[in-house]
Amino acid sequence: MTDFRALCAELHAAVQLYTGQNPAAANIPANELVARLMDAMANTAAALAQPEPQGPTDEELMALAVAVFEDPFSTDKDYARAVLARWGRPANNTNEASQ
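Residues numbered from 1 in each chain as written. Predicted model: local features only at pLDDT ≥ 70, side-chain atom pairs only at ≥ 80, totals over all residues. Heavy atoms only, no water.

Caption draft 1: Representation of the side chain of Thr-44 within the structure. Within the secondary structure, Thr-44 is located in helix α2 (residues 30-49). On the basis of relative accessible area, Thr-44 is assigned to the buried category, the value being 16%. When neighbours within four sequence positions are excluded, Thr-44 is seen to be in contact with Leu-7 and Leu-11. (Helix = DSSP H or I, 4+ residues; strand = E, 2+ residues; numbered from the N terminus. Buried < 20%, exposed > 50% of the residue type's maximum accessible area, 1.4 Å probe, protein only. Contact = heavy atoms within 4.5 Å.)

This is how it looks when you write it as structure tokens:
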């Protein structure tokens, strides 16, 4: 899964260097500044071209619940951890705050 936070940080750093907002830019040749910016833009384009991950279906969730709760000591937290381990953390598409 693409780490968009790291991707944004890479692009931000490259733009800061390219625009001279970072004092370190004075010591970097212009062609290297352009190369860093172009690399960051290429990485961004590649990440944006990937299809968005799909969440689990109801059937997949139910099958996982059956498997998790076969253990008599399983809890809702165990189920939540199993879901996150299997499908990751999808983007928050609701108006609720992310935790």
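Caption draft 2: Here's a closer look at the pattern of salt bridges. Here the structure, examined in full by the defined rule, presents one salt bridge. Among the ionic pairs, Glu-32 bridges to Arg-36, the shortest N-O distance being 2.8 Å. Taken as a pair, Glu-32 and Arg-36 lie in helix α2 at a separation of four residues, close to a single helical turn. Classification of Glu-32 as partly exposed rests on a relative accessible area of 34%. (Salt bridge = Lys/Arg side-chain N within 4 Å of Asp/Glu carboxyl O.)

Caption draft 3: Here's a closer look at a nonpolar patch on the surface. The grouping of Tyr-18, Val-34, Met-38 and Met-41 at the surface amounts to a nonpolar patch, some 390 Å² of accessible area in total. Here the nonpolar patch gets three residues from one element, more than from any other, and that element is α2. By the secondary structure assignment, Tyr-18 is in helix α1 (residues 4-19). (Patch = residues over 30% accessible without salt bridge, like charges linked within 9 Å, V, L, I, M, F, W, Y side chains within 5 Å. Areas by Shrake-Rupley, 256 points an atom, 1.4 Å probe, with all protein chains shown as cover.)

Caption draft 4: Focus on the packing of helix α3 (residues 58-68) against helix α4 (residues 76-87). At a minimum axis separation of 10 Å, α3 and α4 run at an interaxial angle of 130°. Taken together, the axes of α3 and α4 are oblique relative to one another. Our pair here, α3 against α4, has a crossing hand that is right-handed. Taking contact as the criterion, the partners of Glu-60, Leu-61, Leu-64, Ala-65 and Val-68 in α3 are, on α4, Asp-78, Tyr-79, Ala-82, Val-83, Arg-86 and Trp-87. Its residues assigned to classes, the contact of α3 with α4 comprises eight nonpolar, no polar and three charged. (Axes fitted to C-alpha atoms, helices over the stretch in contact; angles between N-to-C directions. Parallel < 35°, antiparallel > 145°, perpendicular 65-115°, else oblique. Left-handed = near helix turned anticlockwise from the far one by under 90°. Nonpolar A, V, L, I, M, F, W, Y, C, P; charged D, E, K, R; others polar.)

Caption draft 5: Spatial organisation of the nonpolar core. Within the largest apolar cluster, five residues are counted, these being Leu-64, Val-68, Ala-82, Val-83 and Trp-87. Only α3 and α4 provide two or more residues apiece to this core. With three residues, α4 is the single largest residue contributor to this core. (Core = buried A, V, L, I, M, F, W, Y, C linked by side-chain atoms within 4.5 Å.)

Caption draft 6: Local environment of the environment of Pro-56. Mapping Pro-56 onto the fold places it in the loop between α2 and α3. Between the C-alpha atoms of Pro-56 and Trp-87, which are 31 residues apart in sequence, the distance is 7.0 Å. Those residues within four positions of Pro-56 in sequence are excluded, and the remaining contacts are Leu-61 and Trp-87.

Caption draft 7: Broad picture of α3. Burial in α3 covers these residues: Leu-64, Ala-65 and Val-68. Along α3, the residues classed as buried sweep out an arc of 105° about the axis, all on the same side. Turned more than 90 degrees off the buried face of α3, the exposed positions are Glu-59 and Met-62. On its buried side, α3 packs onto α4. (Arc of directions from axis to C-beta.)

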